[in-house]
Amino acid sequence: MVVHGDTAARAAAAVGFRSASHFSRDYREAYGRPPAADAVVARAQLALATAV
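These figures come from a predicted structure and were not determined experimentally.

J.: Where do I start with the confidence of the model for the protein in this structure?
T.: Do not read the predicted coordinates in detail wherever pLDDT is low. Averaged over all residues, the pLDDT of the protein equals 89, while 100% of them reach at least 70. When mean pLDDT is compared element by element in the protein, helix α2 (residues 20-31) scores highest at 94, while helix α1 (residues 8-14) scores lowest at 88.

What follows is the structure, encoded as structure tokens:
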């Protein structure tokens, strides 16, 4: 999602989920926030790391 700009729906399909909403629910339950929020944070961290 971070490098390729994929959506949660594409990430869900890539790992075998049939439903993006089910993937998002399971992800939020496991990691404490939705996948899109984690992608925003990861993109910001990547931008900072590559700016140095």
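J.: Can you walk me through the packing of aromatic side chains in this structure?
T.: Centre-to-centre distance and the angle between the planes together describe a pair of aromatic rings. For the structure shown, the criterion picks out three aromatic pairs. Ring centres 5.3 Å apart and planes at 70 degrees place the aromatic pair phenylalanine 17 and phenylalanine 23 in the edge-to-face group. Residue classification places phenylalanine 23 among the buried residues on the basis of a relative accessible area of 11%. The structure contains a cluster of three or more aromatic residues connected by ring pairs, namely Phe17, Phe23, Tyr27 and Tyr31.

The rules behind each value
Residues numbered from 1 in each chain as written. Predicted model: local features only at pLDDT ≥ 70, side-chain atom pairs only at ≥ 80, totals over all residues. Heavy atoms only, no water. pLDDT = per-residue confidence, 0-100. Helix = DSSP H or I, 4+ residues; strand = E, 2+ residues; numbered from the N terminus. Phe/Tyr/Trp six-rings, centres within 6.5 Å; stacked < 30°, edge-to-face > 60°. Buried < 20%, exposed > 50% of the residue type's maximum accessible area, 1.4 Å probe, protein only.

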